[in-house]
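Reading the structure
Given next are the chains, with one letter for each unit.
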Amino acid sequence: FDFMEDSVQLAIRIHLHEPQGHILSFLTGFEECERACKLAYNILGELAKKGKKISPMMILPLYGAQNTEDQARVFEKVPSDCRKLIFSTNIAETSLTVPGICYVIDCGYIKQKMFNHKTSMDSLIIVPISKAQAIQRSGRAGRTCPGKCIRMYTQEFFKDKMPDEIIPEILRVNLSTTLLNLKSMGID
């Protein structure tokens with residue numbers, strides 16, 4: 001299923017039918033965050049063209065590769081009748097707290113760097129998040145006001161498909177380049 005499009009639809013449904021409060025939607029990568037922002041903007045534009053009364057909304061992406069000015073925009077104050085919709089990677093899991101987040105949408109996936117020994121290359125693959133990450137993500141809702149976390153996966157998926165903890169990166173990547181650099185520096 002396309003969790004990016006489903007996340008956008010869910011965020012718009014929240015915007016149209018739920019009480020005030022900002023929305024934080026977790027996606028897998030910066031491309032999805034950027035596409036989700038454009039899609040949300042287009043859908044709200046179409047609804048407005050059809051005569052639907054829509055309250056103001058600021059739609060923002062948030063990911064690690066952004067410059068600091070763009071990242072800081074998620075912390076800007078908005079008028080009381082305006083809602084923020086933030087499409088973010090896992091950078092918003094622990095690194096920062098955006099005031100006013102009442103709704104969290106969790107797709108249940110993350111992009112992880114993995115070493116493929118058959119191709120001898122690192123690659124980014126989409127994998128289920130860990131149970132610990134799911135709990136951390138849900139904790140983003142309601143930090144400064146009452147909140148809800150909407151998980152886009154079943155309880156069975158949580159129990160059966162998600163590991164308890166994420167595999168540390170040192171166990172997922174090729175260390176040969178690092179080891180050769182250490183050897184070249186004379187460190188054994």
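Structure's up top.
Heads up: these notes are all about the structure in this document. (Residues numbered from 1 in each chain as written. Predicted model: local features only at pLDDT ≥ 70, side-chain atom pairs only at ≥ 80, totals over all residues. Heavy atoms only, no water.)

**A few points about the overall build of the chain**
Filter applied, for reference: Secondary structure follows DSSP: runs of H or I at least 4 residues long count as helices, runs of E at least 2 residues long count as strands, and numbering of each begins at the N terminus. Each residue is assigned to one of three classes by its accessible area relative to the maximum for its type, calculated with a 1.4 Å probe on protein chains only: buried under 20%, partly exposed between the two thresholds, exposed over 50%. We call two residues in contact whenever any of their non-hydrogen atoms come within 4.5 Å of each other. Charge assignment in this entry is limited to Lys and Arg as positive and Asp and Glu as negative, and neither His nor the chain termini are counted. Lysine's charge is taken at NZ, arginine's at CZ, aspartate's at CG and glutamate's at CD.
A tally of regular secondary structure across the chain gives seven helices and seven strands. Walking the chain from its N terminus toward its C terminus, one meets helices and strands in the order α-β-α-β-α-β-α-β-β-β-α-β-α-α. Across its three principal directions, the C-alpha atoms of the chain cover 65 × 40 × 30 Å. Burial analysis of the chain (188 residues in total) assigns 39% to the buried set. Considering only intrachain contacts with a sequence separation of at least 6, the fraction spanning at least 24 residues in the chain is 75%. Of the charged side chains in the chain, 24 are positive and 21 negative; the average position of the first set lies 4 Å away from that of the second.

**So, the sheet that holds strand S1 (residues 22-26)**
The condition is simple: Strands are labelled as partners when DSSP assigns at least two bridges between them. Axis definition: a line fitted to C-alpha atoms, over the contacting stretch in the case of helices. Angles run 0 to 180 degrees between N-to-C directions.
Here we have five strands laid out as an open sheet, ordered S2-S3-S1-S4-S7, and parallel in their pairing. Every interior strand has two partners, whereas the edge strands, strand S2 (57-62) and strand S7 (148-151), have only one. Taking the axes of each pair of neighbouring strands and ignoring which way they run, one obtains an average angle of 15 degrees across the sheet. Both S1 and strand S3 (residues 83-88) contribute to a ladder of four bridges, which runs parallel. Bridge pairing links Ser25 to Phe87 in S3. Contacts from helix H2 (residues 30-49) reach S2 and S3, with the element oriented near 165 degrees to S2. Here helix H5 (residues 131-138) sits on the sheet in contact with S1, strand S4 (101-106) and S7, set at roughly 140 degrees to S7.

**Quick word on the side chain of Gln133**
Definition in use: Think of a polar contact as two N or O atoms within 3.5 Å of one another; within protein, one of them needs to be a possible hydrogen donor and the other a possible acceptor, and neighboring residues in sequence only count if both atoms come from side chains.
Within the secondary structure, Gln133 is located in helix H5. For Gln133, a relative accessible area of 9% puts it in the buried group. Among the polar contacts made by the side chain of Gln133, one reaches the side chain of Glu93 at a distance of 3.4 Å. Leave out the neighbours within four places in its chain, and Gln133 touches Glu93, Ile110 and Ile166.

**Structural notes on the environment of Lys38**
Structurally, the position occupied by Lys38 is in helix H2. When its relative accessible area of 57% is taken as the criterion, Lys38 is described as exposed. With 12 residues separating them in the primary sequence, Lys38 and Lys50 have C-alpha atoms 19 Å apart.

**Looking at the pattern of salt bridges**
The condition is simple: Just to be clear on terms, a salt bridge is a Lys or Arg side-chain nitrogen sitting within 4 Å of an Asp or Glu carboxyl oxygen.
In the structure shown here, the tally under the stated rule is eight salt bridges. Glu93 is the partner of Arg137 in a salt bridge, and the nearest nitrogen-oxygen pair spans 2.8 Å. Highlighted residues: Arg137 in helix H5 and Glu93 in helix H4 (residues 91-94), separated in sequence by 44 residues. Each member of the pair Arg137 and Glu93 is classed as buried. Asp188 serves as the salt-bridge partner of Lys183, at 3.1 Å between the closest nitrogen and oxygen. For Lys183, a relative accessible area of 53% corresponds to the exposed category. The class for Asp188 is exposed, based on a relative accessible area of 83%. Connected via shared salt-bridge partners are Glu31, Glu32 and Lys111.

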